[in-house]
Amino acid sequence: MTTRAGREYILSLVAIVLGLVAGAVLMLLSGNNPLLGYLYLFRGGLMNIERLGNTLATATPLIFTGLSVAFAFRTGLFNIGAAGQMLIGGLCATAVGLTFPWSRPVLLAAMLTAALAGGGLWAALPGWLKARFNVHEVVSTIMMNWIAFWTVFYMVPRYFKGPFLETESQKLPDTASLKTQWLSALFNGSYINLGIVLAIVFVALTAFILDQTTFGYELKAVGFNRHAAGVAGINVNRNLILSMTIAGALAGLGGATFYAGYASNMQIGVLPSQGFDGIAVSLLGANSPLGVLGAAIFFGLLHTGKGFMNAMTRIPPEIADTIIATIIYFAATSIMVERVLDRLKRRRAGQLPVAAGRDTIAAPKKGGAR
Amino acid sequence: MWSLITQIFPYAVAFTIPLLITSLGGLFSERSGIVNIGLEGLMIIGMFTGALTISVLEIAMPGAAIWVGLLAAFIAGALFAMLHAFACITLNANQVISGIAVNMVAGALTTYLARNITGSGNILIIHGLVRKDVPVLSALPVIGRLVFTQTYATTWLVLFLVVLSTFTLYKTKFGLRLRACGEHPHAADSAGINVHLVRYLAVMISGAFAGLGGATVIVTYSGEFNGTAAGLGFLALAALIFGQWKPLGILGATFFFGFASTVANVSQAIPALAKISGIYLKTFPYIVTLIALVLSSKSSQAPKALGEPYDKGKR
């Protein structure tokens, strides 16, 4: 526990353990053997190369939404709108993929660009409202989620209706899918697709922007103290808008990898759960790009393994969501864990316990209210 | 036109009432200084508890089962809200994150439990509330037809709670203390008010009301728990802000949402509205909220200490 970052990772690990314990208690209460449950849960996500591929494929959109939330968080903004940005990104990618008969590399590049631009613009509006009118981004991004939900709900059946069902779009042609022959073959025909490569590139890219550039420094300065950053000559409003836009672009890309990679069409009437899970991923990953990568793969593992567990035991697959949600609650209340750790440390050092009253949330403190 | 309005009105009211009571719950929490994004999850808790209680009891005690279910949802909401209160008040956790965690835990946990209980994850109730005319008043011209015919008993319960809450917030010692905690907790503390206790109570009231709101959805227009509140809790939160943290404002905002949503839902059956694409009608309430937030941003009536943990040592 020497560094701040190291401490945050320890707190995340404790939250994971507590979440798994809570899951075990729930399994016990419903009359199942938790050890067997976890055995099948983890085997379901890891036991062969195909399932490993599926774990990574499930993690892919989570990496993007996690990065999205983390990026905005560093500037002191809550991006609750990743779900809507994903939908718009997916819609833009699908629209391009179904419309243009271009060759595969050109088409994929165009689709990803469209998703990036769509998601970015969708989030730029809340960013602008925040900068210009001080409208709280939590509320405006929630509104944008529902506007995106209904936009997809009406646009997909009208312009891209599938041949059989009113509720889904046409299937994307193979040239417009991120699924690739060599990658699928490598993982024995799993869902894995080029999205994971893209995700890892963007993990590196966001880490570089945040930690190595002046722009990243300004973003974090705005996140730590908006007023001080303004006094120091940083254009706060510009950074707020840019931060939201980039966050939205990341979530939009996540939408493209989900709807044109993991899936091959869009369902209407669903707000993708990856949006809210992205908040969980970001929080568990201590808002750092590498942490996000790890947390997303862990959640991908839980989501991939739950079906196998459900097939082998009588535990409902929703246990995975319950475990994730509990982990987030324990991550949010990590001060409790921190107090206990402090007390243990002091006792070991032979000191009397002193009440600790520090603020623990990893996020920059937010001044004022909406 | 008149017949159209009289047709739509009962549905609009039925949709408004759960939003209204949930938003009113949010009012208690936020006026005491605690942001409550968890309203959505607390509604889900109410839906689950209400549906489960009623489905178990309704054979043995038809009629009364509904009211026991509503009471159970009220209590369950208050208890579950303690998770949020504990995180925000005792541990000074980030209130937005805690609220999101509450939403996630509520949705996942209830679905998990429902899957264990029914197998499908849905809980059906056989009998909901029956719409009734209010005696005498329903004979009044115009408003008798609009307001007092075909009403649910929960509508009157909720409206009574609105009046009671307004009185409590503005005319009682507790209400004054609660608002003081949201505006200036240090001043409240120095006047001998237990800020933590008041905030705990406020968050629990918000949970109880949101739970009641969720159960109201079950006993009126839904009849089934399916693991989601479909964004109603978030809409209630938006109505709270749209209504500028005031009971009357909330009443207006939730009714606006209720009416707009109902119009969008029935637009296909109305020739004048069927021409407008559904996308405009469905997104209308959300766009108006965004615009309202912009317009009210200059003179926001938000409680001054909203979202800030109370730290005794801070100046």
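S.K.: So what exactly am I meant to see when it comes to the interface of chain A and chain B here?
M.R.: One frequently used descriptor of interface size is the decrease in accessible area upon assembly of the parts. Across the contact, 50 residues belong to chain A and 48 residues belong to chain B. Measuring nitrogen to oxygen at the nearest pair gives 3.6 Å for the salt bridge that ties glutamate 318 of chain A to arginine 115 of chain B. In this assembly, chain A and chain B are joined by four residue pairs in polar contact (both at pLDDT 80 or more). Elements represented by at least two residues in the side of chain A that touches chain B include exactly helix H1 (4-29), helix H5 (104-133), helix H6 (137-160), helix H12 (274-284), helix H14 (319-332) and helix H15 (334-348) of chain A. Examining the composition of the side of chain A that touches chain B, we find that 13 residues originate from one element, H6 of chain A, more than from any other. When grouped by side-chain class, the residues that make up the side of chain A that touches chain B number 35 nonpolar, eight polar and seven charged.

S.K.: What exactly am I supposed to notice about the environment of isoleucine 241 of chain B here?
M.R.: Tracing the backbone through its elements, the reader meets isoleucine 241 of chain B in helix H10 (residues 232-242). Sequence separation between isoleucine 241 of chain B and glycine 26 of chain B is 215 residues; the distance between their C-alpha atoms is 9.8 Å.

S.K.: Help me understand H12 of chain A in this model?
M.R.: Residues and elements named next belong to chain A. When you tally the buried positions in H12, you get ten out of eleven residues, the bulk of the element. Among the residues of H12, those classed as buried are Gln274, Gly275, Asp277, Gly278, Ile279, Ala280, Val281, Ser282, Leu283 and Leu284. Phi turns positive one or two residues past the end of H12, at alanine 286, with a value near 55°.

S.K.: It is not clear to me how a nonpolar patch on the surface should be interpreted in this structure. Could you clarify?
M.R.: All names here are of chain B. A cluster of nonpolar side chains, namely Trp2, Leu137, Leu140, Val142, Ile143 and Val147, defines an oily patch on the protein surface of about 500 Å² accessible area. In this structure, tryptophan 2 sits in helix H1 (residues 2-31). A relative accessible area of 44% places tryptophan 2 in the partly exposed class.

S.K.: Mind showing me how you'd approach the pattern of salt bridges here?
M.R.: Think of it this way: side chains of opposite charge can pair up when their charged atoms draw near. Residue and element names in this part refer to chain A. The final tally for this structure, using the stated rule, is four salt bridges over all chains. Measuring nitrogen to oxygen at the nearest pair gives 3.1 Å for the salt bridge that ties lysine 130 to glutamate 137. Among the salt bridges present, the one from aspartate 321 reaches lysine 306, with a minimum N-O distance of 3.8 Å. Taken together, the residues aspartate 321 in helix H14 and lysine 306 in helix H13 (residues 289-312) connect sequence positions 15 residues apart.

S.K.: What is the right way to look at the layout of surface pockets in this model?
M.R.: Any empty space left between atoms is shown by rolling a water-sized probe over those atoms. The calculated volume of the largest pocket comes to roughly 1,200 Å³. Taken together, 43 residues form the lining of the largest pocket, with Leu271, Pro272, Ser273, Asp277 and Asp321 of chain A sitting closest to its centre. Broken down by element, the residue count for the lining of the largest pocket peaks at six residues, all from helix H4 (residues 95-118) of chain B. When the residues that make up the lining of the largest pocket are grouped by side-chain class, the tally is 22 nonpolar, 15 polar and six charged.

S.K.: Honestly, the packing of aromatic side chains in this entry has me stumped. Any pointers?
M.R.: Geometrically, a pair of aromatic rings is defined through the distance of the ring centres and the angle of the planes. Here the structure, examined in full by the defined rule, presents 30 aromatic pairs over all chains. Where tryptophan 128 of chain A meets phenylalanine 133 of chain A, the ring centres are 5.4 Å apart and the plane angle is 90°; that geometry is what we call edge-to-face. Since its relative accessible area comes to 40%, tryptophan 128 of chain A is described here as partly exposed. Judged by centre distance (6.4 Å) and plane angle (20°), the rings of phenylalanine 149 of chain A and phenylalanine 153 of chain A are stacked. Placement of the pair is phenylalanine 149 of chain A and phenylalanine 153 of chain A together in helix H6, with a separation of four residues, close to one helical turn. Note on phenylalanine 153 of chain A: relative accessible area 27%, which makes it partly exposed. These aromatic residues form a ring-pair network of at least three members: Trp146, Phe149, Trp150, Phe153 and Tyr154 of chain A together with Tyr286 of chain B. One Lys or Arg, arginine 132 of chain A, reaches over the ring of phenylalanine 133 of chain A and ends 4.8 Å from the middle of that ring.

Conventions adopted
- Within every chain, residues take consecutive numbers counted from 1 along the sequence as written.
- The order in which chains are written sets their letters, starting at A; the order in which ligands are written sets their numbers, starting at 1.
- Per-residue local features are limited, in this predicted model, to residues with pLDDT of at least 70; the limit for side-chain atom pairs, both in listing and counting, is 80 or more; totals at the level of whole chains, interfaces and linings are taken over all residues.
- In computing side-chain properties, one takes all heavy atoms of the structure into account and sets aside hydrogens as well as water.
- Contacts are assigned to residue pairs with any non-hydrogen atoms lying within 4.5 Å of each other.
- The salt bridge definition used is simple: a Lys or Arg side-chain nitrogen within 4 Å of an Asp or Glu carboxyl oxygen.
- Identification of polar contacts relies on pairs of N or O atoms within 3.5 Å, with a donor-acceptor requirement for protein atoms, meaning one able to donate a hydrogen and the other able to accept it, and with residues adjacent in sequence counted only if both atoms are side-chain atoms.
- Strands here are runs of E lasting at least two residues and helices are runs of H or I lasting at least four, both read from the DSSP assignment and numbered beginning at the N terminus.
- All residues other than Ala, Val, Leu, Ile, Met, Phe, Trp, Tyr, Cys, Pro, Asp, Glu, Lys and Arg, Gly among them, are scored as polar; the first ten of these are nonpolar and the last four charged.
- Summary of the burial criterion: residues with accessible area below 20% of their type's maximum are buried, those above 50% are exposed, and those between are partly exposed, where the area comes from a 1.4 Å probe applied to protein chains only.
- Patches were defined on residues exceeding 30% relative accessible area and lacking a salt bridge, with like-charge contacts within 9 Å and nonpolar side-chain contacts (Val, Leu, Ile, Met, Phe, Trp, Tyr) within 5 Å.
- Per-residue and other accessible areas were derived by the Shrake-Rupley procedure at a 1.4 Å probe size, with only the shown protein chains allowed to occlude residues.
- Both cavities and pockets are sets of points on a 1 Å grid over the protein atoms alone; in a cavity a 1.4 Å probe fits but cannot get out, in a pocket the set is open with protein on both sides within 12 Å along at least five of seven lines, and lining residues sit with an atom within 4 Å of a point.
- Grid points are joined across faces, edges and corners, and a volume is the space filled by probe spheres set on the points.
- Centre distance within 6.5 Å is the pairing criterion for rings of Phe, Tyr and Trp, where only the six-membered ring of Trp is used; planes under 30 degrees apart are then read as stacked, over 60 as edge-to-face, and the remainder as tilted.
- Remark: a charge is flagged as sitting over a ring if the NZ atom of Lys or the CZ atom of Arg is within 6 Å of the ring centre and within 35 degrees of the ring normal.

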